[in-house]
2 protein chains.
Amino acid sequence: MIASLNIKQVEKISKALGDPYRLKILKIISENQNFSKCCDISAEFNLAQSTMSHHIKQLVDADLLIAGKEGRNLKFVVNKEVCTAYVDYINSLVV
Amino acid sequence: MIASLNIKQVEKISKALGDPYRLKILKIISENQNFSKCCDISAEFNLAQSTMSHHIKQLVDADLLIAGKEGRNLKFVVNKEVCTAYVDYINSLVV
DNA sequence: TAAATACATCGAAATATATAAATATTTAAA
DNA sequence: TTTAAATATTTATATATTTCGATGTATTTA
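Quick look at the structure, then. Each chain carries its own residue numbering, running from 1 in the written order of its sequence. Both sets of labels track the order of writing: A upward for chains, 1 upward for ligands. Under the rules for a predicted model, residues below a pLDDT of 70 receive no local features and side-chain atom pairs below 80 are neither given nor counted, while totals for whole chains, interfaces and linings still include all residues. Excluding hydrogens and water, the side-chain figures rest on all heavy atoms present in the structure.

1. So, the packing of aromatic side chains
The way to describe two aromatic rings as a pair is by their centre distance and the angle between their planes.
Residue and element names in this part refer to chain A.
Point 1. Ring pairs shown here join Phe, Tyr and Trp side chains whose ring centres sit within 6.5 Å, with only the six-membered ring taken for Trp; geometry is labelled stacked below 30 degrees between planes, edge-to-face above 60, and tilted in between. Within the structure shown, the criterion is met by three aromatic pairs over all chains.
Point 2. For the pair Y21 and F45, a centre-to-centre distance of 5.9 Å together with 70 degrees between the ring planes defines the contact as edge-to-face. Taken together, the residues span a long stretch of sequence, with Y21 in helix 2 (residues 20–31) and F45 in the loop between helix 3 (38–42) and helix 4 (49–61) at a distance of 24 residues.
Point 3. Given the relative accessible area of 31%, Y21 is considered partly exposed. Helical segments are the DSSP runs of H or I of at least four residues, strand segments are the runs of E of at least two, and each set is numbered from the N terminus. For each residue, the accessible area found with a 1.4 Å probe, counting protein chains only, is set against the maximum for its type, and the residue is called buried under 20%, exposed over 50%, and partly exposed in between.

Spelled out as structure tokens, the structure:
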């Protein structure tokens, strides 16, 4: 369980989700079940490494991804609790 | 029931949600249960009319709001089906 | 320890978005 | 049929974001 999100967090998460590359990154990581390596994800895109780093940073800063370092690699999982809290916020607009 | 959203639609909806004013506009409309008048919503903000119009347009263009004209007023409801479809997309990242 | 790999950060250019003033359009009321 | 009210559109400017190349920092391997 996670506390409900405030409006600033919802804004940040929404911004992070408002880009096609970042949506694809999330999808790749979510489909990879376990931790996905950063360099493997980057290989799927035709973007400079610094650009990928920037996109991933936004997803991590929005708490949509949880990052873990393994040696010189970075690995990720989708943050389920934050996704759920975000979904709760959207749903609260619908009741 | 609505067809599931494609990634372009998810991107557009996320962008529309990625602004504090637009989040507040949505909240006001959702809390107002029935149709909310555009000018009443605008009165809640310290923004120029053209700016409000621009924000509301983005919410309508993203299909988050359904607009209806009543005389010279515009009224809105939250589009539940689109919210639900959006939530479904986010949830699909979590499974 | 030197070289290579993985990732982050910085600086600059291009593009997109937010905001507002001015103006236009539509509809209602006088 | 003027006039006023509600909203949209256009234009301009300020700010934010995207992207990349160059460079920096760890960490691993030769």
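2. As for the sheet that holds strand 3 (residues 73–78) of chain A
All names here are of chain A.
Point 1. Whether two strands pair comes down to DSSP finding at least two bridges between them. Strands sit in the order 1-3-2 across an open sheet of three strands; the sheet is antiparallel. One side of each edge strand has no neighbouring strand; the edge strands of this open sheet are strand 1 (36–37) and strand 2 (65–70).
Point 2. Contacts between residues were defined by any pair of non-hydrogen atoms, one from each residue, lying within 4.5 Å. Here, axes are lines fitted to C-alpha atoms. For helices the fit covers the stretch in contact, and angles between N-to-C directions go from 0 to 180 degrees. The strands that helix 2 touches are strand 1, strand 2 and strand 3; relative to strand 3, the one it contacts most, it runs at about 85 degrees.

3. Remarks on the relation of the copies chain A and chain B
Point 1. Only residues with pLDDT of at least 70 in both copies count here: their C-alpha atoms drive the least-squares fit that superposes the copies. Aligned on chain B, chain A shows an RMSD of 0.0 Å; the corresponding rotation is 180 degrees and the shift along the axis is 0.0 Å. In the structure described here, the two chain copies are related by an operation that fits a two-fold rotation axis. Among all residues of chain A, the minimum C-alpha distance to the rotation axis is found for S14(A), at 2.4 Å.
Point 2. A share of 100% of the interface residues of chain A reappears at the interface of chain B, consistent with the copies meeting face to face through the same patch.

4. Overview of the protein's contact with DNA strand C
Point 1. Here a residue counts as near a molecule or strand whenever at least one of its heavy atoms sits within 4 Å of it. Near DNA strand C, the surroundings consist of 22 residues, among which C39(A), Q49(A), S53(A), L74(A) and H55(B) are the closest.
Point 2. Polar contact is defined as a pair of N or O atoms within 3.5 Å, subject to the rule that within protein one atom must be able to donate a hydrogen and the other to accept it, and that residues adjacent in sequence are counted only when both atoms are side-chain atoms. The contact in question runs from a base nitrogen of DNA strand C to an N or O atom on the side chain of Q49(A), over 2.8 Å.
Point 3. Side-chain polar atom of N73(A) to a sugar or linking oxygen of DNA strand C: 3.4 Å apart, as the coordinates give it.
Point 4. Elements represented by at least two residues in the surface near DNA strand C include exactly helix 3, helix 4 and strand 3 of chain A together with helix 2 (20–31) and helix 4 (49–61) of chain B.
Point 5. The dominant element in the surface near DNA strand C, judged by the number of residues it contributes, is helix 4 of chain B, at five residues.
Point 6. Its residues assigned to classes, the surface near DNA strand C comprises six nonpolar, ten polar and six charged. Asp, Glu, Lys and Arg are counted as charged, while Ala, Val, Leu, Ile, Met, Phe, Trp, Tyr, Cys and Pro are counted as nonpolar; the rest, among them Gly, fall into the polar class.

5. Quick look at the layout of surface pockets
Point 1. Using a 1 Å grid laid over the protein atoms alone, points where a 1.4 Å probe fits but cannot get out form a cavity; open sets with protein on both sides within 12 Å along at least 5 of 7 lines form a pocket; any residue with an atom within 4 Å of a point counts as lining. Grid points are joined across faces, edges and corners, and a volume is the space filled by probe spheres set on the points. Here the largest pocket defines a volume of roughly 180 Å³.
Point 2. Surrounding the largest pocket, M1(B), I2(B), A3(B), S4(B), L5(B), E81(B), T84(B), A85(B), D88(B) and Y89(B) form its lining.
Point 3. Counted by class, the lining of the largest pocket contains six nonpolar, two polar and two charged residues.
Point 4. Space inside the second largest pocket adds up to approximately 150 Å³.
Point 5. For the second largest pocket, the full set of lining residues is M1(A), I2(A), A3(A), S4(A), L5(A), E81(A), T84(A), A85(A), D88(A) and Y89(A).

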